[in-house]
Amino acid sequence: MAPDKEKETPCVGYRHGPPWVFKGSALYQLHLVKASTARAFVPRDLRLVEAFGYTLGGMFLARYHDSPAGAFDELVVIAGIVWDPPTSCAWAARVLVNSVEACRHGRKEVGLPSHVATFSKAEASALGSKPLVKSNGFLSVLGIGSTVPEQENRREIEISETKGSSTKHLCNISMPLTVTTGSHNKHHKWMGPAIRMSLPSFSGQTEDHPDLLKYSCKVECRVRPVSPARIWNPRITEPQECSDGKINSAGPKVLADSDAQSQSISVLLSKPIFALEFSSLRMHVDAPKIVVPHCKKKEVGYSST
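Per an unreviewed UniProt entry, the protein chain carries the name Protein NEOXANTHIN-DEFICIENT 1 and comes from Urochloa decumbens.

See below:
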């Protein structure tokens, strides 16, 4: 009886795609991530885009009020940017969702490292908590520093992974109330210009999808710059290395899940550069396609023309 029950688990909404359509709002935040941290997730066949020992990673924190799986929250931890000619794409280190259906779809259909999590939300004053992500003086000079007025009210989200009956705290995220991950926001005076863009991403090389995959997210939304969210973990004060004392360069296939979780926290605790709020978000996600890494094309004599 169990197998039949599993067949009924996928949400009916996903059968209407691809493309799969997600509506809501999101915070897209870029961080300077140590290249050594990002390489723990990136397959050896792909080249990490880096400069001076850092790459661009960060997070995509979304609240969907309408999707194939209904309403749910999502946190995508972005390890960094990888290069596979002729394009560069983001590589997700970990994806957390509070929907079993969305988690299953991410793993089985898109080849993502998806996990079920809880998102506990509360409103609080900025005076009560001290973030581990500190402001950067040079970035502040450029007008994109991570400082936020001390007195403003903030929304705090505590995110914990769940597996069976066990729960493990991952991080806390605090953002001004003018930044929302809900479907409606009455605080906005200016929501920013309406834009359209495509966000290509790599995935795969997981247990469910051993091949390298590539998919595209076509985004329509209003976008505006906002103060970066504060991210911290009370139990961790410094970025962590793998349990063997060094970063694993072989890629996600040999990175233990406990190490992957720890490294994901390191990505989140890295220095923020800037953040964008996506409101009135409508995102079309295409089905992933199997791709051959550029280095392997050379090995087997693929033509570049």
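Before going further, it helps to examine the overall build of the protein chain. Within the protein chain, the secondary structure is distributed over six helices and 13 strands. Excluding contacts between residues fewer than 6 apart, the proportion of contacts in the protein chain whose partners are at least 24 apart in sequence is 71%. If you sum the accessible surface of the protein chain, you get close to 15500 Å²; carbon and sulfur atoms cover 53% of it.

A few words now on helix α5 (residues 257-268). One full turn of an α-helix is made of 3.6 residues, so residues set three or four places apart face in the same direction. If you check α5, its first and last C-alpha atoms are 17 Å apart, about what twelve residues at 1.5 Å a residue would give, namely 16 Å. Of all twelve residues in α5, ten are buried; the element is thus mostly enclosed.

A few words on the nonpolar core. One finds Met-59, Leu-61, Leu-75, Ile-159 and Ile-173 to be the most contacted residues of the largest nonpolar core, which totals 38 residues. For Leu-75, the residues in contact, after removing those within four places along its chain, are Met-59, Phe-60, Leu-61, Arg-94, Val-95, Leu-96, Phe-119, Ile-159, Leu-170, Cys-171, Ile-173 and Leu-268. In this structure, Trp-20, Tyr-28, Tyr-64 and Val-97 belong to the second largest nonpolar core, which totals 30 residues.

The next point concerns the packing of aromatic side chains. As enumerated under the stated definition, the model contains six aromatic pairs in all. When the centroid spacing of 6.3 Å and the interplanar angle of 80 degrees are considered together, the rings of Phe-22 and Phe-72 count as edge-to-face. Linking Phe-22 in strand β1 (residues 20-34) with Phe-72 in strand β4 (residues 72-84), this pair joins segments that are 50 residues apart in sequence. Using a relative accessible area of 7% as the deciding quantity, one classes Phe-22 as buried.

For the rest of this paragraph, the subject is the confidence of the model for the protein chain. In this model, the protein chain carries an average pLDDT of 81, and 72% of its residues clear a pLDDT of 70 or more. Across residues 1-9, confidence stays below pLDDT 50; counting only partners more than four residues off in sequence or on other chains, it has one contact.

Summarising burial for β1: eleven of the 15 residues are buried, a large majority. Two elements, β1 and strand β12 (residues 271-285), share twelve bridges in a ladder whose sense is antiparallel. Bridge pairing in β12 places Gln-29 opposite Ala-275.

Let us look at unusual backbone geometry. Geometrically, the link from Gly-17 to Pro-18 is a cis peptide bond, its omega value of -5 degrees lying close to zero. By secondary structure assignment, the location of Pro-18 is in the loop between α1 (2-8) and β1. For the bond from Pro-18 to Pro-19, the omega torsion is -5 degrees, close enough to zero to count as cis. Here Pro-19 lies in the loop between α1 and β1. Here the phi dihedral of Phe-52 falls at roughly 55 degrees; this positive angle occurs in a residue that is not glycine.

So, on to the environment of Lys-218. Within the secondary structure layout, Lys-218 lies in strand β10 (residues 212-226). Classification of Lys-218 as partly exposed rests on a relative accessible area of 43%. Those residues within four positions of Lys-218 in sequence are excluded, and the remaining contacts are Met-197, Ser-198, Arg-282, Met-283, His-284 and Asp-286. At 2.6 Å, the side chain of Lys-218 forms a polar contact with the side chain of Asp-286.

What follows concerns the environment of Lys-289. Its location among the elements puts Lys-289 in strand β13 (residues 289-290). Separated by 179 residues in the primary sequence, Lys-289 and Val-110 place their C-alpha atoms 9.1 Å from one another. Not counting residues up to four positions away in its chain, the partners in contact with Lys-289 are Leu-212, Leu-213 and Lys-214.

Now for the pairing of strand β7 (residues 153-163). Consecutive side chains along a regular strand alternate between the two faces of the sheet. Of the strand pairs in this sheet, β7 and strand β8 (residues 166-176) are connected by ten bridges, and their pairing is antiparallel. Residue Ile-159 lies in a different strand from β8, and its bridge partner there is Cys-171.

Let's shift gears to a nonpolar patch on the surface. A contiguous nonpolar surface patch, about 220 Å² in accessible area, is contributed by Leu-32, Tyr-54 and Leu-56. Along the polypeptide, Leu-32 turns up in strand β1.

Conventions adopted
- Residues numbered from 1 in each chain as written.
- Predicted model: local features only at pLDDT ≥ 70, side-chain atom pairs only at ≥ 80, totals over all residues.
- Heavy atoms only, no water.
- Helix = DSSP H or I, 4+ residues; strand = E, 2+ residues; numbered from the N terminus.
- Contact = heavy atoms within 4.5 Å.
- Areas by Shrake-Rupley, 256 points an atom, 1.4 Å probe, with all protein chains shown as cover.
- Expected span 1.5 Å × (residues − 1).
- Buried < 20%, exposed > 50% of the residue type's maximum accessible area, 1.4 Å probe, protein only.
- Core = buried A, V, L, I, M, F, W, Y, C linked by side-chain atoms within 4.5 Å.
- Phe/Tyr/Trp six-rings, centres within 6.5 Å; stacked < 30°, edge-to-face > 60°.
- pLDDT = per-residue confidence, 0-100.
- Pairing = 2+ DSSP bridges.
- Polar contact = N/O pair within 3.5 Å; in protein donor to acceptor, adjacent residues only side chain to side chain.
- Patch = residues over 30% accessible without salt bridge, like charges linked within 9 Å, V, L, I, M, F, W, Y side chains within 5 Å.
- Salt bridge = Lys/Arg side-chain N within 4 Å of Asp/Glu carboxyl O.

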